[in-house]
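Here's the letter readout for the chains.
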Amino acid sequence: MHSDITNKEVLTYFNFLRINNKKILDLAKYIDLKDIFDIDKDKLAFVDEKTIQKIFDKNNIEKFKYYKDRIIKQNIHITSIFDDSYPYNLRYIDDPPAIMYYKGELKEDDKYSIAVVGSRKCTDYGRWACKKLVSDIASFDITTVSGLALGIDSICHKTSIENNSRTIGVIGNGINEIYPKINHKLYEIMQKDHLILSEFPLDSPPVAYNFPRRNRILSGISLATVVIEAKEKSGTLITANFAAEQGKDIFAVPGNINSIYSKGTNKLIQDGAKLVNSVDDILSEISELKSFVDNKRKEEKNLDILEEDEKEVFNYISKNFPINAEKLSNDLNMKIQDVNYILISLELKDFIENTGIDEFVVKE
C-alpha cells in the first residue's frame, strides 16, 4: 500500500476504516495524502489519537488489501472528490462525500438531474402523481434521482426506466447490499444501465443513522428536489431541508388536506416551496435546466434523419443565422437551386423557418 499510493486509495482506506467524513475532508485539506504513511505524526496534531491509531494499525492496512480485491471482483467503481468524474453538484455542498462507490456509469449531464422523493407508504394519489410527473420529466430526457426505497422512490425509478430515461439511486447502505430485498430486480437493472451510488463502506447495513446522511447526497447531486407525499414529520422532509440549506429549489405536489401523507407537502408549500402541477413548473423556475433541455433538443435534431447535404446546410444555418439562400450558396459553394431545394426540405422537416424576408433561422 505504501508504494505509488494514490489520493483515491488513501481516501478509500479512510472510508473503509469508517472515519467520519468531515475528518477525512480535513485530512485531505491539511496533509498530502500520498505521504500519509511517511508523515511526521506531529503534523497530525489536529486529528484525535483514536483515529491516528486506526490509520497506522498494521492489521487494518492488511485487511484493506482484501477490501480492495473485493471491490475489483464485484465490479464496483469509486470516484473521489479529487476526480473529474466526481458528480459536479456534490462538490459545492457542505460535507461532500470524500468518495462515492458506484455501479453503472457516471455522466456529465447528471448535474442537470431532479430528485424525486416521497413516502414509502404512498397513497394511490401519490402513486399516480409520481408516475405522471416522472413521465413528464422523462419526456424531456431529464435524469431523476431517488433513494431506491419502497413507495415513491421505487415508482420514480421504475417510471424513468419504463420511459427510457436515466435514473440514479442513492442508497443508505453498502453498495454490495440490496435493501429492501424486494427491489432486487430494480437494483439489477439500475446497476447495469443506470447508476447506483453510496458513500458507505461495503457491508454497511441500512441503519437509521445512514439515511439522513444519504439524503444530503440526494438533494446535493440534483438541481432541485420534488416532494410527492410526506407526513408532517418524515425522512422525506429531511431531504427537503438539506435542499434548502444547499440553496436548491424545492417543489411540492399539493395533496388532500384530509390525508396524513399530504400534511408534509402542504406545509412545505406554506413555507415557500413551489407548488408543482407539471414539469413545466420546474422548467419555468430553473433557467439552467430549461437551457439544457433546449440545447439537447437542438442536438437531437442534428442527429435526425437528414441527408448529408441537409446536415451541412442546417449546421451552417445554426451557427450563422439569420441567413439567406444566396449567402448559403456562396459560403458553401453550392448551386442556388440545390440550396433552395434543401431549404424547402428543412422547412418541411421543421428544422428551420423563414423569417418572412427570405432569411432562415433554426426553429426553436
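What counts and what doesn't
Along every chain, residues carry numbers that run from 1 in the direction the sequence is written. With pLDDT at 70 or above as the cut-off, local features in this predicted model cover only qualifying residues; side-chain atom pairs require 80 or more to be listed or tallied, and sums for whole chains, interfaces and linings still use all residues. Hydrogens and water molecules were not included; the side-chain quantities draw on all heavy atoms of the structure. Going along the chain from the N terminus, every DSSP run of H or I of four or more residues is numbered as a helix, and every run of E of two or more is numbered as a strand. Every helix has an expected span of 1.5 Å times one less than the residues it contains. For the exposure calls, accessible area comes from a 1.4 Å probe over protein chains only, and a residue counts as buried if that area is under 20% of its type's maximum, exposed if over 50%, partly exposed in between. In this description, the arc belongs to the directions extending from the helix axis to the C-beta atoms. For our purposes a nonpolar core is just a set of buried Ala, Val, Leu, Ile, Met, Phe, Trp, Tyr and Cys residues, chained together by side-chain atoms within 4.5 Å. A pair of Phe, Tyr and Trp rings is counted when the ring centres sit within 6.5 Å of each other, with Trp represented by its six-membered ring. The angle between the planes then sorts it: under 30 degrees is stacked, over 60 is edge-to-face, the rest tilted. Patches here are clusters of residues that have more than 30% relative accessible area and form no salt bridge, with a 9 Å joining cutoff for like charges and a 5 Å cutoff for nonpolar side chains (Val, Leu, Ile, Met, Phe, Trp, Tyr). For every accessible area listed, the method is Shrake-Rupley and the probe measures 1.4 Å; residues are considered covered only by the protein chains on display. A side-chain nitrogen of Lys or Arg and a carboxyl oxygen of Asp or Glu constitute a salt bridge if their distance falls within 4 Å. Only four residue types enter the charge count, namely Lys and Arg as positive and Asp and Glu as negative; His and the chain termini do not. Where a charge sits is defined by one atom per residue type, namely NZ (Lys), CZ (Arg), CG (Asp) or CD (Glu). Between N-to-C directions, angles span 0 to 180 degrees; the directions come from axes that are lines fitted to C-alpha atoms, helices contributing only their stretch in contact. Should an angle fall under 35 degrees it is called roughly parallel, over 145 degrees roughly antiparallel, and 65 to 115 degrees roughly perpendicular, with every other angle called oblique. Should the near helix be turned counterclockwise from the far one by less than a right angle, the crossing is left-handed, whereas a clockwise turn marks it as right-handed. Throughout, a residue-residue contact means that at least one pair of heavy atoms, one from each residue, lies within 4.5 Å. The nonpolar class holds Ala, Val, Leu, Ile, Met, Phe, Trp, Tyr, Cys and Pro. Asp, Glu, Lys and Arg form the charged class, and all remaining residues, Gly among them, are polar. Any two strands between which DSSP finds at least two bridges are classified as paired. Every crossover in which the path from the first strand over the helix to the second runs clockwise, viewed with the strands pointing away from the viewer, is termed right-handed.

In this structure, what is going on with helix 4 (residues 58-73)? I would like to understand it.
Each turn of an α-helix holds 3.6 residues, which means side chains three or four residues apart point in the same direction. Taking 1.5 Å per residue, 16 residues should reach 22 Å; helix 4 reaches 24 Å between its end C-alpha atoms and fits that length. Taken residue by residue, helix 4 has N60, I61, F64, Y67 and I71 as its buried positions. Along the axis of helix 4, the buried positions cluster into a sector of 105°, meaning they face one direction only. Those residues of helix 4 that are exposed and angled more than 90 degrees off the buried face are K58, N59, K63, Y66, I72 and K73.

Help me understand the nonpolar core, please; the structure alone is not making it clear to me.
Within soluble globular proteins, side chains that are nonpolar generally end up buried alongside one another. Judged by nonpolar contacts, the single largest core of 39 residues is most densely connected at Y13, F14, I55 and Y101. Broken down by element, this core gets its largest block of residues, five residues, from helix 1 (residues 7-16). One finds L133, F140, I142 and V293 within the second-largest nonpolar core, a separate group that totals 28 residues.

Mind showing me how you'd approach the packing of aromatic side chains here?
For any pair of aromatic rings, geometry is given as the distance between the ring centres together with the angle between the planes. Enumeration over the complete set of coordinates arrives at 14 aromatic pairs. Between F16 and Y67, the aromatic rings sit 4.7 Å apart at their centres with planes inclined by 45°, giving tilted as the arrangement. Pair noted here: F16 is in helix 1 and Y67 is in helix 4, with a separation of 51 residues, a long-range link. Neither F16 nor Y67 differs from the other in exposure class; each is buried. Look at F314 and F351: their rings are 5.2 Å apart centre to centre, the planes differ by 85°, and that puts the pair in the edge-to-face class.

I keep staring at a negative patch on the surface and nothing clicks. Help me out?
A cluster of like negative charges, contributed by E307, D309, E312 and D338, occupies part of the molecular surface. By the element assignment, E307 lies in the loop between helix 12 (287-302) and helix 13 (308-320). On the basis of relative accessible area, E307 is assigned to the exposed category, the value being 52%.

Would you mind showing me how to read the pattern of salt bridges here?
Close approach of charged atoms allows side chains with opposite charge to pair. Enumeration according to the criterion identifies 20 salt bridges in this entry. Taking the shortest distance from any N to any O, the salt bridge between R216 and D95 comes out at 3.7 Å. With R216 in helix 8 (residues 210-220) and D95 in the loop between strand 1 (77-80) and strand 2 (99-104), this residue pair connects regions lying 121 residues apart in the sequence. Residue K327 pairs with D331 through a salt bridge whose shortest N-O separation is 2.9 Å. You can see K327 and its partner D331 sitting in helix 14 (residues 325-332), four residues apart, about one turn around the helix. You can call K327 partly exposed: its relative accessible area is 44%. With a relative accessible area of 33%, D331 lands in the partly exposed category. Ionic contacts of the salt-bridge type, sharing partners, join the residues D95, E199, R213 and R216 into one network.

Explain the packing of helix 13 against helix 14 here, please?
For any two helices packed against each other, the geometry is given by the interaxial angle and the distance between the axes. Where helix 13 meets helix 14, the closest approach of the two axes is 11 Å, and the angle between their N-to-C directions is 110°. Between helix 13 and helix 14, the angle falls in the class roughly perpendicular. The interaxial crossing formed by helix 13 with helix 14 has right-handed handedness. Counting all contacts with helix 13, which are made through E312, V313, Y316 and I317, the residues of helix 14 involved are L328, D331 and L332. Residues that form the contact of helix 13 with helix 14 fall into these classes: five nonpolar, no polar and two charged.

What is the right way to look at unusual backbone geometry in this model?
Among all residues save glycine, negative phi is the norm, and among peptide bonds the norm is trans. Of note, the bond from Y179 into P180 is cis; its omega dihedral lies within 30 degrees of zero at -5°. Residue position: P180 is located in the loop between strand 5 (167-170) and helix 7 (184-193). Its identity as a non-glycine residue notwithstanding, L148 has a phi of 55°, on the positive side. Phi at D203 takes a positive value of approximately 75°, unusual for a residue other than glycine. One can find D203 in the loop between strand 6 (195-198) and helix 8.

So what exactly am I meant to see when it comes to the sheet that holds strand 12 (residues 359-362) here?
Two pairing modes exist for strands in a sheet, parallel and antiparallel, and in both the strands are linked by backbone hydrogen bonds. The strand order across the open sheet formed by three strands is 10-12-11, and the pairing between neighbours is antiparallel. Of all the strands in the sheet, the pair left with one neighbour each is strand 10 (323-324) and strand 11 (352-354). Where strand 10 lies against strand 12, two bridges are found, and the strand directions are antiparallel. From the neighbouring strand, I323 faces strand 12, where its bridge partner is F360. Its contacts with the sheet place helix 13 against strand 10, strand 11 and strand 12, and it is angled at close to 90° to strand 12. Across the sheet, helix 15 (residues 336-348) touches strand 11 and strand 12, and the angle it forms with strand 11 is around 110°.

Just to check I follow, could you spell out the pairing of strand 6 for this structure?
Side chains on a regular strand alternate between the two faces of the sheet. Residues L195 and L197 line one face of strand 6 and the alternating positions I196 and S198 line the opposite face, and both faces are buried. Looking at chain direction, strand 2 and strand 6 are connected through four bridges and run antiparallel. Within strand 6, the position partnered with Y101 by the bridge is S198. Direction of pairing for strand 5 relative to strand 6: parallel, over a ladder of three bridges. For G169, the partnering residue across the bridge sits in strand 6 and is I196. Note on the crossover from strand 5 through helix 7 to strand 6: the handedness is right-handed.

Any link to function would need more than the numbers given here.
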